[in-house]
Each structure stands twice: as C-alpha cells, then as structure tokens.
Amino acid sequence: MIDDYSNEEQSRQLDREAKDRAIGAARSAVRREKQIKRSGLSTTTSSLKLREKAIDGVVAEIERQVDIQHKQRGPKASWFQYIADTYPDGQGNDLNTMDFAAVAETALITCLDAVGNQWTWNATIPYAGKALQMTRFDCIMRRNRQGKRLLREIEESAKQVSTNHQKRVEYVYRLAKKRGFDFEQWDDAVYRAVGSFLIDVVQLGSNIVKLDEKLSGKSQFPVTVLTLTDEATEQLRDHNDMLDGLSSRFGPMTSPPIHYPSTIGPYLDPRTSFLVPMVKKVWSPEHQAAINKAVENNSMAIPLDAINRLMAVPFEINQYTLEAVIWAKEQGYGGEVGKLPQMDELPTPDRMPKEEFDKLTKDKKIDHVKNYNDTLQNNLEVRSNLKVVDGAITEAKELADAPFWLPHQFDKRGRIYHTSDFGHHNADWMRGLIMFWNKTPIGEDGLPFLELALANAWGNGVDKFSLAKRQEWVRDHLESILRSGMDFKAGFPFWRQADDPTQFLAACHERYNYGQDPNYESGLMIGLDATNSGYQHYAAASLNQEDGDNVNLTPRDEPADLYTACLNKANEIIAADKQQNEQLVKDDPKSEEGQKAAKQLDICARLHAWGGLKRAQIKRPTMTHAYSSRMYGFMQQIRSDWMNDLTRKMKRGKLRHPVTDELVSEHPFGEDKGFAASNYLARVFQDAIESTVRSSSSGQLFFMQCARALANEGKHFSFTTPIGFPTAQFYRDEGPTKRTRVFLTDKASRLPKKQAKCSITTFTDTVKMPKSENAVAPNIIHAMDASHLMMTVTMCEDYGINDIAVVHDSFSTTIGNAKVMSHCIRRSFVDLYKGYCLYTDVLEQTIALLDNPEDADLPTVPPKGTLDLELVLESDYFAS
C-alpha cells in the first residue's frame with residue numbers, strides 16, 4: 001500500500017513513471033510521424049478532429065459557389081459540370097450526382113495530406129483533381145444496388161494489388177473498364193480545374209488551411225504552399241498532446257505496487273495507473289459486470305490475494321549475467337547464443353530488372369519475390385530485436401543495486417502477466433538477468449535444487465533425465481560449470497550451448513560462489529515446470545490413467561515424456577507411409593497416387609538425410625494440440641519454427657548439416673523451402689498426437705458442444721472457475737465494414753450536425769462461429785491452469801514463502817524454499833480436482849444460461865477413469 005512506501009521510494013518511482021510516460025509519448029509521436037509519411041496527415045486521429053469541425057463550413061462554401069454558378073448567365077466555371085451535375089432517378093426527379101459532403105471530405109483530406117507532405121500549391125492541384133475523380137466514380141457507382149456491389153468487388157480486389165495509391169488507382173481504372181464501367185476522360189486541364197476548386201473551398205470554408213509563400217532550394221523566388229492556420233496548428237498540437245499523454249511505457253517499479261482492488265491500477269501516479277486495469281482486454285459489458293460483482297462480494301478473494309502476493313515480491317538484477325549479455329551483443333553473438341535474438345541483418349538483394357523478371361517461370365517469380373520479402377522481414381525483425389535488447393540492457397542498468405517490483409494484471413481467463421515489458425515473463429535470455437532480492441543459504445539441502453536448475457537450463461535432453469541422472473550430469477561437467485561461473489568469457493564455448501544460456505550462466509555463477517563459500521546465500525530463481533500442463537488438466541478432469549501416466553500425474557523412476565512418445569509414434573507413421581508409398585510407386589508411378597507417393601518418399605528421404613525427426617520439432621504441435629491447434633496450425637508452426645529457420649541460416653552461410661557438421665548451401669527440403677514437407681509432417685504429427693493422448697479430444701468436443709448450445713440461443717459462453725474468477729467469451733460476427741457518417745447534435749440548434757465519414761467495423765449480436773466453438777476449450781484449460789497457479793501462490797503464502805515468481809505453469813522461488821514450493825504445487829493441483837468434476841460444473845453453468853435447456857443439444861459428461869489423484873503427491877516429475 002502507498003502508506004508503506006518511504007519518501008525516497010515514492011519519489012524515485014514517480015520519477016520513473018514520469019519518464020516512462022515521456023518515453024510513451026515520444027513513441028506515440030514517432031508512430032504518428034511514420035503514419036503521416038506512410039498514409040498522410042489526414043489519417044491521424046488528431047486531424048480527424050479538425051475535419052469533423054470543418055466539414056460543415058466546406059460544404060456550405062461548395063453550395064455557395066454552386067449556387068452562384070447556377071444564377072450566373074452564360075458559360076459556367078470549368079469545374080461546375082464535375083461538381084454540380086444531376087441525373088434522373090427514374091421517378092421524375094433530378095438528383096445531384098455528387099454528394100457535397102463527400103466532395104468536402106475529399107478536399108479536406110487532400111489539403112491535410114499536402115500540409116503533412118509539404119507539397120506546393122501547384123503540385124497539390126492535380127493531386128486533388130485526381131482524388132475528386134475517384135470520389136466522383138464512387139458517387140456514380142453508388143447510384144444503384146448493382147453499382148454498389150461491383151464497387152465493393154473492385155475495392156477488395158484493389159487492396160490485394162499494391163499498397164501504392166497510384167497503382168491501385170490504375171488497377172481500378174482497368175478493372176472498371178473491363179466490367180463495362182468506363183471513367184470519364186479527364187485531362188490535365190480538368191484535374192487542375194477541379195483541384196484548384198477543392199483547395200479554394202477549403203481555404204475559404206474552413207479555418208484549417210491557408211496559402212503561404214516560402215523560399216525553396218536555391219531559387220530566389222518564393223513558391224506557394226499549403227500550411228495550417230495558427231488556430232488549426234494549436235488545435236492539432238493540443239489533440240496530439242492529449243493522445244500522447246495516453247501512451248506510456250510500463251516498466252518495473254522501484255517501490256511495491258498498489259494492491260488491487262483499492263485503486264484503478266498498481267502504479268503510483270493515476271495518469272499511469274489509469275492505463276493498467278486489473279483485468280485487461282475485457283470487451284463484454286456483462287463480463288466486466290461479473291468481475292465487479294465478484295470483487296464486491298469477495299468471491300474473488302483467492303485470485304486477488306494471489307496477484308497481490310506476486311506484486312509484493314522484490315527482485316534484483318543479476319550483474320554477472322547482465323555483463324555477459326552486453327558482452328555477447330558487442331561480440332555479435334546474437335542468434336548463436338541459444339535464445340539470444342538474431343541481431344545482424346542480411347544483405348538486401350537488388351531488385352531484378354523488369355525485363356529479366358518477366359522471363360522467369362511463374363514458380364521462379366514466386367520464389368524470387370518470397371526470398372526478397374523474407375529478407376526484408378528478417379531485417380525488420382533484427383531491428384526490432386536490437387531495440388528490445390538495448391531497451392532491456394538500459395532498463396537493467398537503471399535497476400541495478402536496488403530492489404524492484406513487477407506490477408501484474410489478469411487476462412480475461414484469469415491468467416496473470418506482469419505489466420512491465422521487462423521481466424521474467426519475457427524472453428528466456430531476459431529471465432536470466434533477474435534474481436530474487438531476498439536470499440536464502442544454499443547449503444547441502446539446497447545443492448540438489450541448484451543442480452536441478454543447472455540441468456534444466458542446460459536442456460539438450462538432460463532436463464528429461466531422472467533427477468539422479470541430472471545431478472550426475474552436473475557433477476560430470478562441474479569443471480566447465482565452475483569455469484563459466486567464474487569467467488563468462490572463458491566459459492563461453494560451453495555455456496553458449498545451453499538451451500537457456502543466460503539462465504544456465506546464472507546458475508553456473510551461483511554454483512561457483514557456493515564453492516567459494518559454503519554459507520553463500522543465493523537469490524537464484526529455482527524453477528519447477530509442470531509437465532504438459534494442458535494434458536495434465538484433461539487427464540485429471542477425466543481421471544484418465546493412461547494420459548495421467550504420460551504426463552507424470554503418477555510416480556515413476558524415470559520421467560514420462562509425452563513429446564518423445566508422440567515422436568516415436570510419428571516415426572512409426574512415417575515408416576508405414578514409406579512402405580505404402582514404395583508400393584504405390586512400384587505399381588503405377590505415373591498415376592496421380594503414384595506421383596503423390598513419390599513426392600512423399602522424397603520428403604522422407606530428405607528428412608532421413610537431415611538426421612530424422614527430433615523431439616523439438618514435434619514439441620510445439622503436441623503442446624498446442626491441447627489448446628485446439630490442429631493440422632493447419634501445425635503447418636504454420638513447422639514453417640516458422642523449423643523450415644524458415646533453416647532458410648535464414650542458409651542465407652547467412654551458417655547452415656550446418658546435423659550429421660556431418662558441414663556447411664550446407666541449399667535448403668535440405670528442396671526448392672520450395674520445406675513447404676510440401678510442412679504439409680506432410682503436419683498430418684503425421686496430428687495422427688501421432690491423437691493416437692497417443694485421448695482425454696483431450698473428448699474434453700475439447702464436450703466444451704465445444706456447450707459453446708454451440710449457447711450460440712444457438714445467441715449467447716456467449718461464460719464460466720466461473722472453482723476459485724471464483726469469472727471468465728467469458730465475446731466473439732461476435734462482423735457486420736459490413738463501411739464508411740459511415742458520424743452525427744452529433746448541434747449544441748445551439750439541437751439539430752443533427754453532419755460530421756466527416758470514417759471507416760468502421762460493425763458487429764452484430766450474432767455469436768461468431770466457429771470461432772466461439774474453437775476457442776472455448778483452450779480458454780477453459782487456461783482458466784483452470786490459472787486457478788492452479790493462484791491456489792499454489794496462496795498456499796505458498798500459508799507456508800511462509802513470500803518470494804515466488806510464476807509464468808503460467810512454471811513456478812520459481814529461492815533455493816531454500818524450493819522443497820516446500822514443490823509440495824504446494826502438487827497439493828494445490830490435487831485440491832483443485834479432488835471431488836470436483838470440471839465437466840459437470842461447465843455443463844451446469846451452461847444449462848443455467850440457457851432459456852430452453854430441454855431443447856438444447858447438450859453433451860454428456862465423459863466417463864471417468866481410474867486415476868488416483870493422490871498419487872500426484874508422490875510424483876517427482878509432476879513439476880520438476
């Protein structure tokens with residue numbers, strides 16, 4: 001609470017929040033400048049405010065000038081026929097072709113973009129004329145239903161062609177002409193006539209833009225330019241300042257955060273705290289009302305106690321690993337040190353001349369464009385990585401030598417995240433920079449947990465050994481561990497090989513310090529990770545003995561490894577496919593089936609030559625299958641995690657064969673960079689996973705049927721967890737995306753006031769399917785995982801453990817508390833499911849929401865197995 005802060009802590013933290021708001025405002029300004037360069041000043045939120053106020057005046061000026069021309073005898077102004085002409089509506093009426101509000105909006109947008117891009121008046125005139133031509137085409141097309149439908153088709157097609165405005169315009173011209181809608185022949189004289197008219201009505205009808213003169217380049221003669229009026233400049237600045245003030249970077253705190261729910265957020269300054277609600281991204285009003293009610297009646301006591309307990313934990317920076325990360329970055333080891341991100345750009349390829357590009361085959365063209373775009377994307381990621389690494393290093397330096405705290409938030413499922421960009425929820429390399437401020441002695445009792453931390457951070461399969469073998473591995477490599485802990489530069493060839501290098505290096509340093517002083521006290525974060533937590537929840541919910549064995553809900557001498565079990569099954573499927581495909585090719589190699597079989601044989605041969613499938617390649621698909629990911633998702637995962645990584649290393653000349661260790665210059669899975677291989681392996685992975693684990697598929701189907709029953713009555717699925725956290729889905733079908741006019745009531749006249757149009761996405765009241773159906777299972781399992789986490793945190797508090805950090809299904813504490821925390825993790829899981837049926841609870845809550853449950857197609861509760869949940873307490877590998 002704020003009363004507990006010292007004046008020094010308060011002052012330092014308030015200074016940090018002010019600095020973070022300044023950084024956030026600066027970032028907002030940079031984003032706005034990029035937006036202006038990319039899309040024009042007219043697209044910014046602040047300029048929209050100016051347009052809203054100005055459009056009525058510009059419309060009035062257009063009407064005034066049109067009226068003058070109507071009354072004038074003799075020839076009309078050259079712009080008149082394009083602005084003021086009419087057409088018969090078929091019922092004896094003449095209607096204006098042009099919507100004057102659309103004309104005014106076009107004029108305002110053009111002038112604001114001219115100001116933002118610093119165009120001269122002379123250059124803006126034809127641009128405005130061309131913009132009006134498109135507006136006229138839009139108005140003509142919208143006269144009838146057929147035109148509106150065709151216009152939508154043209155607009156959608158144009159979006160796929162290019163991001164360049166002029167190329168889109170040219171495409172629309174060609175497409176409209178093909179479909180029988182030809183544009184009027186506008187020449188430069190017409191563009192200038194209507195363009196100058198648009199600029200004229202804006203500078204006369206609004207107080208936004210004025211014509212000014214300035215010297216340009218080396219010329220002694222001034223040029224006419226469009227600029228904002230003083231009043232508009234001030235209004236724009238005020239709007240921008242207001243928007244920038246709502247942007248803030250959220251960092252760690254140098255004083256304990258304010259507890260929920262006593263205020264709107266955890267930071268000290270209300271201007272920052274206002275931006276950090278207790279539960280983030282709650283879109284449904286009903287869901288927010290349920291959360292508010294749960295807080296008021298204290299049914300959310302456990303979640304609130306857990307999140308406040310986590311926010312009260314003080315941390316510190318590990319100076320040793322910080323120096324190592326800085327050194328590794330300076331040496332250019334990004335991308336080569338485990339999970340330290342790639343930080344060197346690829347050389348940008350030159351664009352191929354058009355005549356040379358046109359000679360390529362279709363496949364070669366696609367491959368060339370993909371390679372070019374992949375290189376650009378890689379370099380964007382590298383620049384982003386550099387910002388992240390530099391930002392984390394700067395943050396760590398500022399936090400050095402003093403405790404810091406991490407404010408947290410719930411998501412709508414009850415999962416807990418720290419708000420700060422810097423912290424242990426972020427990248428693995430960043431986690432190695434953080435330790436607990438409070439320390440406990442290692443001693444002989446703590447040494448096994450330190451050895452466990454070393455083995456787990458090393459990974460490379462060692463983390464799947466039995467506990468005794470993990471300790472044995474550490475002792476076998478103790479000399480290298482101590483060298484790394486004493487001098488990270490000398491030990492670099494060793495510690496760089498770890499799966500989590502910075503976390504491993506942090507543990508090496510603690511092991512070295514313990515060797516120097518048996519009484520050494522450590523703040524190292526000793527982590528215990530659950531085994532496939534999603535499947536653990538499914539197995540416990542259905543008491544499935546086989547699945548429980550596979551995810552370590554039962555005691556055993558060696559840890560069960562579901563990923564290896566799925567890997568073995570995948571290899572069996574590949575072997576069976578190979579045998580079948582060889583027969584198909586032998587029987588009829590030219591048939592469609594024979595050719596498909598030959599392609600699969602080629603993929604299998606390439607896979608075998610590359611060392612075969614590895615556990616790491618099936619790990620993520622297996623993990624995400626518990627959260628409803630299937631073959632399409634697996635394809636994307638294989639490409640992004642595996643095939644694209646091979647491509648990037650190949651382009652850098654750093655791709656080595658996993659068997660021979662020789663440099664490889666061609667992609668191991670062919671010219672398509674593993675596209676076909678990804679499709680095939682995704683199917684193999686799905687079959688392997690679904691034949692290995694059973695309870696998840698039946699559970700997911702059960703939850704989907706409940707969501708479908710509610711959707712049939714137009715209701716969104718909601719579920720209050722066993723510890724009282726209300727969760728809810730709010731997936732709605734989108735209505736038409738359209739440009740609509742916003743109306744406000746004029747304060748003086750009480751009449752509707754026309755405003756500028758804006759693009760909006762509307763939503764219907766219809767539940768979005770199959771989105772709601774597909775999302776319900778992962779949302780429920782995440783909510784149950786969060787419930788287990790919060791129960792564990794509060795139980796640790798009951799046992800006197802105050803230093804705990806969590807990342808969903810991973811729990812960390814100081815080395816002296818690791819043994820007790822291990823018990824709390826197991827005990828709370830048993831307590832969560834003992835005597836509780838998740839499926840019955842979900843079904844009953846679903847029925848309570850239905851108006852006509854007797855007519856609903858509701859599922860039956862899956863049958864229970866024979867799993868004894870108390871065995872979890874005896875399982876060393878439930879979380880290890």
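Residues numbered from 1 in each chain as written. Predicted model: local features only at pLDDT ≥ 70, side-chain atom pairs only at ≥ 80, totals over all residues. Heavy atoms only, no water.

## Side note on the overall build of the protein
Stage number 1. Secondary structure summary: the protein contains 32 helices and 17 strands in total.
Stage number 2. Out of the 880 residues belonging to the protein, those deemed buried represent 49%.
Stage number 3. About 42900 Å² of surface is accessible on the protein, with carbon and sulfur atoms providing 50% of the total. (Helix = DSSP H or I, 4+ residues; strand = E, 2+ residues; numbered from the N terminus. Buried < 20%, exposed > 50% of the residue type's maximum accessible area, 1.4 Å probe, protein only. Areas by Shrake-Rupley, 256 points an atom, 1.4 Å probe, with all protein chains shown as cover.)

## Here we look at the environment of D113
Stage number 1. Within the element layout of this structure, D113 appears in helix α4 (residues 100–117).
Stage number 2. Accessibility expressed as a relative area gives 7% for D113, which makes it buried.
Stage number 3. Through-space distance from the C-alpha of D113 to that of S47 is 9.9 Å; in sequence the pair is 66 residues apart.

## Examining the pattern of salt bridges
Side-chain pairs of opposite charge can arise where the charged atoms are in close proximity.
Stage number 1. Within this structure, the stated rule accounts for 28 salt bridges.
Stage number 2. The salt bridge involving E61 is made with R64; its shortest N-O contact spans 2.7 Å. In this pair, E61 and R64 are both assigned in helix α2 (residues 45–71), three residues apart and thus about one turn of the helix distant.
Stage number 3. Residue R64 is classed as partly exposed on the basis of its relative accessible area of 43%. (Salt bridge = Lys/Arg side-chain N within 4 Å of Asp/Glu carboxyl O.)

## Concerning the nonpolar core
For soluble globular proteins, nonpolar side chains are generally found buried alongside one another.
Stage number 1. Ranked by size, the top nonpolar core spans 140 residues in total, and within it F504, F703, Y833 and L838 carry the most contacts.
Stage number 2. With residues up to four places along the chain from it excluded, the contact list for Y833 reads H537, A540, A541, M784, L838 and L869.
Stage number 3. Formed by 42 residues, the second largest nonpolar core is a distinct cluster that contains V58, V190, I199 and V201. (Core = buried A, V, L, I, M, F, W, Y, C linked by side-chain atoms within 4.5 Å. Contact = heavy atoms within 4.5 Å.)

## Here we look at unusual backbone geometry
Stage number 1. The peptide bond linking Y260 to P261 adopts the cis configuration, its omega dihedral lying at -5°.
Stage number 2. Tracing the backbone shows P261 in the loop between α9 (230–245) and α10 (270–273).
Stage number 3. For the bond running from M769 to P770, omega is 10°, close enough to zero to count as cis.
Stage number 4. Along the polypeptide, P770 turns up in the loop between β15 (752–767) and α30 (771–798).
Stage number 5. The residue N298 is not glycine, and still its phi comes out positive at about 70°.
Stage number 6. Relative to the assigned elements, N298 resides in the loop between α11 (285–296) and α12 (301–311).
Stage number 7. Taking the relative accessible area as the measure of exposure, N298 reaches 53% and is therefore exposed.
Stage number 8. Residue N460 is not a glycine yet carries a positive backbone phi of 50°.
Stage number 9. Relative to the assigned elements, N460 resides in the loop between α17 (443–458) and α18 (467–476).
Stage number 10. Judged by its relative accessible area of 45%, N460 falls in the partly exposed class.

## Overview of the packing of helix α24 (residues 562–587) against helix α28 (residues 675–690)
Stage number 1. Two numbers describe how α24 lies on α28: the axes approach to 8 Å, and their chain directions differ by 125°. Judged by the angle between their axes, α24 and α28 are oblique. Handedness of the α24/α28 crossing: right-handed. Note on element contacts: α28 touches α24 through Y680, L681, R683, V684, F685, D687, A688 and I689, opposite C566, K569, A570, I573, I574 and D577.
Stage number 2. Looking at side-chain class alone, the contact of α24 with α28 contains ten nonpolar, no polar and four charged residues. (Axes fitted to C-alpha atoms, helices over the stretch in contact; angles between N-to-C directions. Parallel < 35°, antiparallel > 145°, perpendicular 65-115°, else oblique. Left-handed = near helix turned anticlockwise from the far one by under 90°. Nonpolar A, V, L, I, M, F, W, Y, C, P; charged D, E, K, R; others polar.)

## Overview of the packing of aromatic side chains
Stage number 1. Considering all chains together, one arrives at 23 aromatic pairs under this definition.
Stage number 2. Relative to F197, the ring of W79 has its centre 4.0 Å away and its plane inclined at 20°; by these criteria the two rings are stacked. With W79 in the loop between α2 and α3 (80–83) and F197 in helix α8 (residues 188–205), this pair connects stretches of sequence that are 118 residues apart.
Stage number 3. Following the ring pairs from residue to residue traces out a cluster consisting of Y320, W327, F488, F492 and W495. (Phe/Tyr/Trp six-rings, centres within 6.5 Å; stacked < 30°, edge-to-face > 60°.)

## So, the sheet that holds strand β11 (residues 526–529)
Strands in a sheet are paired, the pairing made by backbone hydrogen bonds, and the direction either parallel or antiparallel.
Stage number 1. An order of β11-β17-β16 is seen for the three strands of this open sheet, with the pairing classed as antiparallel. The open sheet terminates on both sides in strands that have one partner only, identified here as β11 and β16 (804–807). Direction aside, the axes of adjacent strands within the sheet are offset by 20° on average. (Pairing = 2+ DSSP bridges.)

## Quick look at the state of the cysteines
Stage number 1. By the definition in use, this model includes zero disulfides.
Stage number 2. You can see C796 has no disulfide; the closest cysteine sulfur is in C824, sitting 4.0 Å from it.
Stage number 3. Residue C796 is classed as buried on the basis of its relative accessible area, which comes to 0%. (Disulfide = S-S within 2.5 Å.)

## Some details on the packing of helix α29 (residues 695–712) against helix α32 (residues 838–849)
Stage number 1. Their axes nearest at 9 Å, the elements α29 and α32 cross at an angle of 10°. Considering the angle they form, α29 stands roughly parallel to α32. Every residue of α32 that contacts α29 at S695, G699, F702, F703, C706 and L710 is listed here: L838, Y839, V842, L843, T846 and L849.
Stage number 2. Tallied by class, the residues present in the contact of α29 with α32 amount to nine nonpolar, three polar and no charged.

## Comments concerning helix α21 (residues 501–516)
For an α-helix, 3.6 residues make a turn, and residues three or four places apart therefore share a direction.
Stage number 1. Compared with the 22 Å implied by 1.5 Å per residue over 16 residues, the 23 Å span of α21 between its first and last C-alpha is a close match.
Stage number 2. Counting buried positions along α21 gives twelve out of 16 residues, so the element sits mostly inside the fold.
Stage number 3. Inspection of α21 places P501, T502, F504, L505, A506, A507, C508, H509, E510, R511, N513 and Y514 among the buried residues, and these make up the whole buried set. (Expected span 1.5 Å × (residues − 1).)

## A look at a negative patch on the surface
Stage number 1. On the surface, D230, E231, E234 and D238 cluster together into a patch of negative charge.
Stage number 2. Mapping D238 onto the fold places it in helix α9. (Patch = residues over 30% accessible without salt bridge, like charges linked within 9 Å, V, L, I, M, F, W, Y side chains within 5 Å. Lys, Arg positive; Asp, Glu negative; His and termini not counted. Charge placed at Lys NZ, Arg CZ, Asp CG, Glu CD.)

None of the figures reported here should be taken as evidence of function without further support.
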